[in-house]
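Observations on the model geometry
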Amino acid sequence: MLAALLALSIGFGSVASDSAAAADCTWQRHSKRVVKKVKRQGKVRRVVGHKRWWSCVPLPVQPAPSAPAAAATPPEPTPTPQPTPEEEALPRRVSVKANDDLPEAFSFALSRPFVYAGEVTVELNNSDAQDPHNLNLRTEGDEGAPLEIPEAGPGERRLARFQLPAGSYRLWCSLPQHEEWGMSVGLEVRPG
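No experiment lies behind these values; they were computed from the predicted model shown. (Residues numbered from 1 in each chain as written. Predicted model: local features only at pLDDT ≥ 70, side-chain atom pairs only at ≥ 80, totals over all residues. Heavy atoms only, no water.)

Remarks on the overall build of the protein chain
Each helix and strand counted, the protein chain has two helices and eleven strands in total. Of the regular secondary structure in the protein chain, the N- to C-terminal order runs α-β-β-α-β-β-β-β-β-β-β-β-β. A burial count over the protein chain gives 23% of its 192 residues as buried. Of the contacts formed within the protein chain by residues at least 6 apart in sequence, a portion of 63% connects residues at least 24 apart. (Helix = DSSP H or I, 4+ residues; strand = E, 2+ residues; numbered from the N terminus. Buried < 20%, exposed > 50% of the residue type's maximum accessible area, 1.4 Å probe, protein only. Contact = heavy atoms within 4.5 Å.)

Section: the sheet that holds strand E5 (residues 114–116)
By definition, the strands of a sheet pair up through backbone hydrogen bonds, in either a parallel or an antiparallel sense. Spatially, five strands are ordered E5-E11-E10-E7-E8 in an open sheet, and the strand pairing comes out mixed. Unpaired on one side and paired on the other, E5 and strand E8 (147–152) mark the two borders of the sheet. Across the sheet, the mean angle separating the axes of adjacent strands is 25° when strand polarity is ignored. (Pairing = 2+ DSSP bridges. Axes fitted to C-alpha atoms, helices over the stretch in contact; angles between N-to-C directions.)

Re the environment of Ser-127
Along the polypeptide, Ser-127 turns up in the loop between strand E6 (118–125) and strand E7 (133–139). Along the chain, Ser-127 and Asn-99 lie 28 residues apart, while their C-alpha atoms are 9.1 Å from each other. Dropping the residues within four chain positions of it, Ser-127 is found in contact with Gly-155 and Glu-156.

Describing the nonpolar core
Side chains that are nonpolar tend, in soluble globular proteins, to be buried together. Residues Phe-108, Val-122, Leu-135 and Leu-171 are the most contacted members of the largest nonpolar core, which totals 26 residues. Sorting the residues of this core by element identifies strand E3 (93–99), E6, E7, E8, strand E9 (157–164), strand E10 (167–172) and strand E11 (184–190) as the ones contributing at least two each. Excluding anything up to four places from it in sequence, Leu-171 contacts Val-96, Phe-108, Leu-110, Leu-135, Asn-136, Leu-137, Met-183, Ser-184, Val-185 and Leu-187. (Core = buried A, V, L, I, M, F, W, Y, C linked by side-chain atoms within 4.5 Å.)

Quick notes on a positive patch on the surface
Where like charges cluster on the molecular surface, the positive patch consists of Arg-40, Lys-43, Arg-45 and Arg-112. Here Arg-112 shows up in the loop between strand E4 (107–110) and E5. (Patch = residues over 30% accessible without salt bridge, like charges linked within 9 Å, V, L, I, M, F, W, Y side chains within 5 Å. Areas by Shrake-Rupley, 256 points an atom, 1.4 Å probe, with all protein chains shown as cover. Salt bridge = Lys/Arg side-chain N within 4 Å of Asp/Glu carboxyl O. Lys, Arg positive; Asp, Glu negative; His and termini not counted. Charge placed at Lys NZ, Arg CZ, Asp CG, Glu CD.)

With respect to the side chain of Asp-100
Take Asp-100: it is sitting in the loop between E3 and E4. One polar contact links the side chain of Asp-100 to the main-chain amide nitrogen of Asp-131, over a distance of 2.8 Å. Apart from residues lying up to four places away in sequence, Asp-100 is in contact with Phe-106, Ala-129, Gln-130, Asp-131 and His-133. (Polar contact = N/O pair within 3.5 Å; in protein donor to acceptor, adjacent residues only side chain to side chain.)

Comments concerning the packing of aromatic side chains
Going through the model one piece at a time under the given rule, you end up with two aromatic pairs. Between Phe-106 and Trp-181 the ring centres are 5.1 Å apart and the planes differ by 75°, which places this aromatic pair in the edge-to-face class. Taken as a pair, Phe-106 in the loop between E3 and E4 and Trp-181 in the loop between E10 and E11 lie far apart in primary sequence, 75 residues in all. Judged by relative accessible area, which is 4%, Phe-106 ranks as buried. Trp-181 sits in the partly exposed class, given a relative accessible area of 34%. Summarising the aromatic geometry, the rings of Phe-114 and Tyr-116 are spaced 5.8 Å apart at their centres and angled 85° between planes, so their arrangement reads as edge-to-face. Residue classification places Phe-114 among the partly exposed positions, given a relative accessible area of 22%. The ring of Trp-172 is capped by Arg-170, whose NZ or CZ atom sits 4.1 Å from the centre of that ring. Lying over the aromatic face of Phe-114, Arg-190 brings its terminal NZ or CZ to 3.5 Å of the ring centre. (Phe/Tyr/Trp six-rings, centres within 6.5 Å; stacked < 30°, edge-to-face > 60°. Lys NZ or Arg CZ within 6 Å of the ring centre and 35° of its normal.)

Focus: the sheet that holds E9
Pairing is mixed across the open sheet formed by four strands, whose spatial order is E4-E3-E6-E9. Strands at the two margins of the open sheet, each flanked by one partner only, are E4 and E9. Neighbouring strand axes in the sheet, compared pairwise and without regard to direction, differ in orientation by 25° on average. By the bridge criterion, four bridges tie E3 to E4 in an arrangement that is antiparallel. Opposite Asn-99, over in E4, you have Ser-107 as the bridge partner.

Any link to function would need more than the numbers given here.
Structure representation (structure tokens):
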């Protein structure tokens, strides 16, 4: 019985020292780009994702002051809450690829048909196009000013981040006659 209590107290002692050591560090968020090859509908495709984690980086050891300090030390900042794996897995990025082989074949192609509401990264990919294009987006039926990604020349890419609430969005190129030639597409933003 005494041996069990001794082992238990030793175990608690190590927990206390671990938590004391964790107070002497600062939290840092890390991110790593992960590329996987997945077979979908008979074709091998690359799927790009991000792995994120937090780590505790030890603070540098400072010598103890010789005289007692009059001012109180400021509290340590608390780390921002880490998103849950479910939230992290929700797609909030979409690439819009411009295609302009022929005037009758102008189009936008989406990398995915939907994203989740919140801060969404939208990429205008004009890498294979021959003409410059821009990208405008707004909810279906709304006649207000659209969100805009400026014109990207041939071979260029533009990125923008928007706070998008759930709904159906229309994306189009506003350069002369591009929308009439078919350069528009719909995107669904689902509740997150």
